[in-house]
Amino acid sequence: MSGLERPRDQRVIAGVCSAIANRFGWSVGLVRLAFVVSCVLPGPQVLCYVVLWILIPNSP
């Protein structure tokens, strides 16, 4: 498994979903779909996304 880095070539907004998918070997589309579906549920999903955007470094 690779480290947790936001790739420059697979971003839609900030690359957080791509980073998570690449780290665990999951499909990027499924991670994005899971995030969008989770936004329908009450909770701090968008806040978590912004925090991960800040914490996960860019790939070189």
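Quick caveat: nothing in here was measured; it's all calculated off a predicted structure.

Peer 1: What is the right way to look at the packing of helix α1 (residues 16-24) against helix α3 (residues 45-55) in this model?
Peer 2: A pair of packed helices is captured by two measures, namely the crossing angle of their axes and the spacing between those axes. Close contact between α1 and α3 brings their axes to 9 Å; oriented N to C, the two are set at 75 degrees. The orientation of α1 relative to α3 falls into the category roughly perpendicular. Counting all contacts with α1, which are made through V16, C17 and I20, the residues of α3 involved are Y49, L52 and W53.

Peer 1: Honestly, the packing of α1 against helix α2 (residues 28-38) in this entry has me stumped. Any pointers?
Peer 2: Packing of α1 against α2 brings their axes to within 8 Å, and their N-to-C directions diverge by 130 degrees. Between α1 and α2, the angle is such that the two are oblique. Two packed elements cross with a definite hand, and for α1 against α2 that hand is right-handed. Each of C17, S18, I20, A21 and N22 in α1 lies in contact with α2, whose residues at this interface are V28, V31, R32 and F35. Within the contact of α1 with α2, the residues separate by chemical class into 6 nonpolar, 2 polar and 1 charged.

Peer 1: In this structure, what is going on with the environment of L52? I would like to understand it.
Peer 2: Within the secondary structure, L52 sits in helix α3. By relative accessible area, which is 31% here, L52 ends up partly exposed. Note: C-alpha distance between L52 and C17 (35 residues apart in sequence) is 9.6 Å.

Peer 1: Whenever I open this one, the side chain of S18 confuses me. Can you help?
Peer 2: Looking at the element boundaries, S18 is found in helix α1. If sequence neighbours within four positions are ignored, S18 has contacts with P7, Q10, V28 and R32.

Peer 1: Would you explain a nonpolar patch on the surface in this entry?
Peer 2: A cluster of nonpolar side chains, namely V12, I13, V46, L47, V50, V51, W53, I54 and L55, defines an oily patch on the protein surface of about 920 Å² accessible area. Summarising the element assignment, V51 is placed in helix α3.

What counts as what
- All residue numbers refer to position in the chain's written sequence, counted from 1.
- Only residues with pLDDT of at least 70 are given local features in this predicted model, and only at 80 or more are side-chain atom pairs given and counted; all residues enter the totals for whole chains, interfaces and linings.
- To get the side-chain values, all heavy atoms of the structure are used, and hydrogens and water are removed first.
- Axes here mean lines fitted to C-alpha atoms, for a helix over just the part in contact, with angles spanning 0 to 180 degrees between N-to-C directions.
- Each helix corresponds to a stretch of at least 4 residues labelled H or I by DSSP, and each strand to a stretch of at least 2 residues labelled E; elements are numbered beginning at the N terminus.
- Roughly parallel means an angle under 35 degrees; roughly antiparallel means over 145; roughly perpendicular covers 65 to 115; every other angle is labelled oblique.
- In this analysis, two residues are considered to be in contact whenever any of their non-hydrogen atoms come within 4.5 Å of each other.
- Note on convention: near helix rotated counterclockwise from far helix by under a right angle means a left-handed crossing. Clockwise means right-handed.
- Ten residue types, Ala, Val, Leu, Ile, Met, Phe, Trp, Tyr, Cys and Pro, are classed as nonpolar, four, Asp, Glu, Lys and Arg, as charged, and the remainder, Gly among them, as polar.
- Residue burial is assigned from relative accessible area. The probe radius is 1.4 Å, only protein chains are included, and a residue is buried under 20% of its type maximum, exposed over 50%, and partly exposed in between.
- Patches draw on residues past 30% relative accessible area with no salt bridge. Two like charges within 9 Å are joined, as are two nonpolar side chains (Val, Leu, Ile, Met, Phe, Trp, Tyr) within 5 Å.
- Where accessible areas are quoted, they stem from the Shrake-Rupley method and a 1.4 Å probe; at the residue level, only the protein chains shown are allowed to cover.
- The salt bridge criterion pairs a side-chain nitrogen of Lys or Arg with a carboxyl oxygen of Asp or Glu, the two atoms within 4 Å.

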